[in-house]
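Close look at the chain arrangement
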Amino acid sequence: MNTLSSKNRSEIIEKMQAETFDLAVIGGGITGAGIALDAASRGMKVALVEMRDFASGTSSKSTKLIHGGLRYLKQFEIGLVREVGRERATVHRLAPHLVTAEKMLLPIIKDGTYGKIGTSIGLMVYDFLADVEGDDKRRMLSKEEVEKLEPLLRTDILEGGGIYAEYRTDDARLTMEIIKKAAEYGALSLNYVKAKKFIYDDEKAIGVKCKDLLKDENFDIKAKYIVSAAGPWVDKLRKKDNSLKGKRLFLSKGSHLVVPHERMPVNQAVYFDIPDGRMMFAIPRHRITYLGTTDTPYEGDINNVYADKADVDYILKAVNNMFPDVNLTVDDVESSWAGLRPLIYEEGKSASEMSRKDEIFESKTGLISIAGGKLTGYRKMAQRIVDLVAKKFDKQEDKEFKDCFTDKIPLGDSLRKASEVSAYQKEVEKKVAAKGLNKRDVEYLVANYGQQTDEILTNFNQFNEEPGVALARAELKFCFEKELCFTPLDFFIRRTGRLYFNIGSIQPVLPAVLKDFKKYFGWTDEQKAAAESDLMLAIKNNSDFSE
Ligand code: FAD
């Protein structure tokens with residue numbers, strides 16, 4: 001059975017109920033996905049449940065950088081910088097179409113965060129900790145060189161700059177590819193399944209009471225070990241387990257804005273000082289540039305997090321301060337996203353000062369929870385959790401599992417290097433030229449799906465509408481058959497990134513896409529209308545900042 005096909009939902013649930021798993025994972029963000037892949041590849045029987053869509057929590061709302069976190073050096077988080085810094089090259093190697101090199105320009109300004117010597121030493125240490133080699137090593141730049149590289153920067157306070165290597169990704173697609181790879185190793189993962197309660201035997205957690213939220217039906221999953229990778233929801237599950245004691249989460253909101261690239265035509269990613277002493281990113285990505293982030297304590301509804309007018313004003317003001325000629329206004333903002341950092345609370349520290357390190361909590365019932373950390377470090381976090389579980393198996397059942405080898409498991413397709421990705425892209429461009437798809441379409445397809453673009457193009461040939469519509473239908477067919485896609489929001493946000501990166505591309509394809517959804521899932525007209533109105537609400541919440 002194809003356990004990634006949306007039409008096999010009932011069978012997947014039947015399978016989840018039928019056996020006792022070695023490990024049940026709660027949460028289908030990058031952390032849960034990483035754990036499922038690590039555990040399944042080592043030979044464990046794994047079930048993962050996600051209450052909304054995969055990556056619909058923080059893992060689709062990050063800055064989308066696979067980075068070492070330069071600013072954590074200032075907080076002397078050497079261990080964190082070393083670990084995630086080194087992971088950058090690994091994650092790039094595993095998914096070169098999805099994790100692409102992005103040179104980061106760090107302008108040095110008068111009275112700025114780092115200063116000339118600080119930047120030079122900081123970037124050198126950063127390179128050293130992360131084992132950066134060759135052309136990727138940091139380069140210090142004169143004021144004139146920075147001006148030439150990025151003419152949009154204000155010059156009156158500019159003193160020079162540094163340029164260093166980072167990587168850019170699509171967090172939601174990365175999560176999805178990990179879920180898919182875990183499935184290849186036998187893990188069963190399902191979205192829209194909520195872990196409601198734990199099942200105990202002799203005060204030990206031995207299973208999870210779940211609810212299929214699409215059918216409103218309950219079922220149980222039995223497992224020898226249970227890991228909660230519920231991100232900002234981790235404390236809610238610890239509370240259900242009666243183990244919310246000691247350290248707690250502190251949620252900090254981070255918003256990003258999307259503007260057309262021609263309105264913010266930076267030549268490369270820039271990490272710049274803003275007037276309140278924080279720093280911000282401007283990151284070009286195909287047809288848009290995105291800007292962020294904020295870092296503010298959050299006590300609102302954690303299921304509905306959006307950028308608000310105050311976030312928009314704050315980001316635009318900061319950008320206009322450093323790039324005075326662009327004069328961005330709220331009318332330039334075409335989309336946005338906002339997410340919650342699940343940080344471990346530290347008394348007396350502000351949101352941006354709190355550590356980004358991950359933390360593992362083990363309760364007396366055996367529930368293991370993990371929170372904090374970075375997208376970039378997902379593989380190492382997973383390794384720590386699965387090592388811990390493997391040790392328990394060894395001690396309690398004398399059962400052994402393989403060592404972690406996720407650094408050798410490629411994600412997404414068989415393209416292995418950036419050069420292979422660009423050669424493949426050129427090949428596809430030639431192939432589709434006569435079919436009405438352009439270079440931009442191909443760039444998007446290859447960045448999103450890598451070599452799986454071939455399958456989408458096979459689907460594309462089956463549809464006779466104009467190319468844009470045929471392409472969206474081809475993608476939906478792929479996501480329905482291979483990526484557990486259940487709603488237009490799954491499709492337009494997490495599978496294709498359109499709502500964030502190309503919001504204007506949704507309306508022209510929407511009628512055809514909704515019609516296909518109706519056909520695939522046997523929806524009534526009311527169900528189709530409800531799905532459409534959920535999508536419209538999300539578009540409004542992410543793009544309408546009128547007062
Ligand atoms: P989540 O992605 O939130 O996943 C938890 C999942 O658990 C959710 O999908 C939720 O629906 C599910 N869940 C909760 N309760 C239940 C339940 N009862 N049953 C079933 N499922 C449940 N890191 C980087 O490396 N680079 C960056 O550029 C970067 N930028 C960031 C910018 C911002 C603004 C923020 C907020 C974070 C950023 N991070 C970055 C950090 C990174 O995004 C997070 O560390 C990571 O996404 C957390 O993933 P997670 O899987 O732990 O949590």
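Structure's up top.
Structure report, in brief. (Residues numbered from 1 in each chain as written. Predicted model: local features only at pLDDT ≥ 70, side-chain atom pairs only at ≥ 80, totals over all residues. Heavy atoms only, no water.)

1. Some words on the pattern of salt bridges
Under the defined criterion, the tally for this structure stands at 47 salt bridges. Measuring nitrogen to oxygen at the nearest pair gives 3.2 Å for the salt bridge that ties Asp216 to Lys211. Judged by its relative accessible area of 19%, Lys211 is buried. With a closest N to O distance of 3.1 Å, Asp525 and Lys518 form a salt bridge. If you follow the salt bridges from partner to partner, you end up with Asp22, Lys224, Glu397 and Lys399 in one network. (Salt bridge = Lys/Arg side-chain N within 4 Å of Asp/Glu carboxyl O. Buried < 20%, exposed > 50% of the residue type's maximum accessible area, 1.4 Å probe, protein only.)

2. Topic: the packing of aromatic side chains
The full count for this structure, using the stated rule, is 21 aromatic pairs. Relative to Phe281, the ring of Tyr271 lies with its centre 4.3 Å away and its plane at 15°, an arrangement referred to as stacked. With a gap of ten residues between them, Tyr271 in strand β12 (residues 269-273) and Phe281 in strand β13 (residues 279-285) connect regions that are remote in the sequence. Using a relative accessible area of 4% as the deciding quantity, one classes Tyr271 as buried. Between Phe393 and Phe401, the aromatic rings sit 5.1 Å apart at their centres with planes inclined by 70°, giving edge-to-face as the arrangement. For the pair shown, Phe393 and Phe401 are each scored as buried. Taken together, Tyr192, Phe480, Phe486, Phe517, Tyr520, Phe521 and Trp523 form an aromatic cluster joined through their ring pairs. Its guanidinium or amino end placed over the ring of Phe486, Arg9 lies 4.8 Å from that ring's centre, counting from NZ or CZ. Cation over ring: Arg285 sits above Phe501, and NZ or CZ is 4.1 Å from the ring centre. (Phe/Tyr/Trp six-rings, centres within 6.5 Å; stacked < 30°, edge-to-face > 60°. Helix = DSSP H or I, 4+ residues; strand = E, 2+ residues; numbered from the N terminus. Lys NZ or Arg CZ within 6 Å of the ring centre and 35° of its normal.)

3. Observations regarding helix α12 (residues 439-449)
Along α12, the positions that sit buried rather than exposed are Val442, Tyr444, Leu445, Val446, Asn448 and Tyr449. Next to the buried residues of α12 lie α7 (171-184), α11 (418-432), α13 (453-460), α14 (467-482), α15 (488-495) and α16 (498-501). Capping the start of α12 is the job of one residue whose side-chain oxygen sits 3.1 Å from the backbone nitrogen of Arg440: Asn438. Taken from the residues just after α12, Gly450 is the one with a positive phi, measuring 60°. (Contact = heavy atoms within 4.5 Å. Polar contact = N/O pair within 3.5 Å; in protein donor to acceptor, adjacent residues only side chain to side chain.)

4. Some words on the site of the ligand
In the vicinity of the ligand lie 38 residues, with Thr31, Glu50, Ser59, Leu65 and Thr376 positioned nearest. Between the ligand and Gly373 there is a distance of 3.0 Å, counted from an oxygen atom to a backbone nitrogen or oxygen. Leu375 is positioned such that a nitrogen or oxygen atom in its backbone is 3.1 Å from an oxygen atom of the ligand. Protein burial of the ligand: of its 1000 Å² of free accessible surface, 97% is covered by the chains. (Near = heavy atom within 4 Å. Areas by Shrake-Rupley, 256 points an atom, 1.4 Å probe, with all protein chains shown as cover.)

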